[in-house]
Each structure stands twice: as C-alpha cells, then as structure tokens.
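Breakdown of the fold
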Amino acid sequence: MLARPWQRGEPAILSDGDRVYQPMKIARSGLLLAVRGNVLVYAHKEDHLAEVQRRFPAERTYTSTTKPRSSPAPRRASAIG
C-alpha cells in the first residue's frame with residue numbers, strides 16, 4: 001500500500017483530533033501497520049510541528065490532507081525534518 005514512500009524515506013502520519021478515537025481509526029484503516037507505527041496524534045497538530053521535525057528528520061516533506069485550510073505548510077528541515 002505504501003511501498004513507494006518507503007523507497008524515498010520514512011513515512012509518518014501526523015493527525016489531529018481526539019487522542020483516543022483518531023488512533024483507533026488509523027489502526028482500523030490499516031495505515032498504522034503501513035507506516036510501521038509512525039503515527040502522531042495531537043489535539044492541534046500545528047502546535048507540534050517542531051517536535052515532528054525532530055522525530056522525523058527529512059530533507060523534503062510531503063503532505064496530504066482532507067482539510068486544506070488546516071494543513072500546515074510543509075517546511076524544509078533545518079536540523080531535523
């Protein structure tokens with residue numbers, strides 16, 4: 001399912017919402033296994049972008065969202081991605 005992203009780096013899911021319900025949805029969809037557990041859920045993901053960059057360093061980042069207005073702009077990693 002997510003073979004191509006693994007060829008380019010380490011995929012992770014950054015989601016916002018309920019910290020109990022949202023991880024359950026991600027697990028039921030099969031995405032938890034697809035990203036090998038790399039899932040972070042916050043009430044407001046925009047407030048945690050620096051932490052995400054530290055945990056998942058990257059030269060480039062890509063985002064996909066169903067809520068364009070709340071999607072954080074991808075940023076190049078400085079010391080971390």
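Bringing the pairing of strand β2 (residues 39-42) into the picture now. Side chains Val-39 and Val-41 of β2 all project onto a buried face; the interleaved residues Leu-40 and Tyr-42 project onto the opposite face, where all are buried too. Bridge count between strand β1 (residues 13-16) and β2: four bridges; the pairing is parallel. Along β2, the bridge assignment pairs Asp-16 with Tyr-42.

Of the residues in the protein, 80% have a pLDDT of 70 or more, and the chain-wide mean is 81. When pLDDT is averaged over each element of the protein, helix α2 (residues 21-29) comes out on top at 95 and helix α1 (residues 3-8) at the bottom at 78. The low-confidence segment residues 76-81 (pLDDT under 50) makes 16 contacts with residues lying over four places distant or belonging to another chain.

Here we come to the side chain of Asp-16. Note on placement: Asp-16 falls in strand β1. Apart from the residues within four sequence positions on either side, Asp-16 is in contact with Gln-22, Tyr-42, Ala-43, His-44, Lys-45, Glu-46 and Lys-67.

Right, let's talk about unusual backbone geometry for a bit. Within the chain, Arg-36 stands out as a residue other than glycine whose phi angle is a positive 50°. Considering the arrangement of structural elements, one finds Arg-36 in the loop between α3 (31-34) and β2.

Rules used throughout
Residues numbered from 1 in each chain as written. Predicted model: local features only at pLDDT ≥ 70, side-chain atom pairs only at ≥ 80, totals over all residues. Heavy atoms only, no water. Buried < 20%, exposed > 50% of the residue type's maximum accessible area, 1.4 Å probe, protein only. Helix = DSSP H or I, 4+ residues; strand = E, 2+ residues; numbered from the N terminus. Pairing = 2+ DSSP bridges. pLDDT = per-residue confidence, 0-100. Contact = heavy atoms within 4.5 Å.

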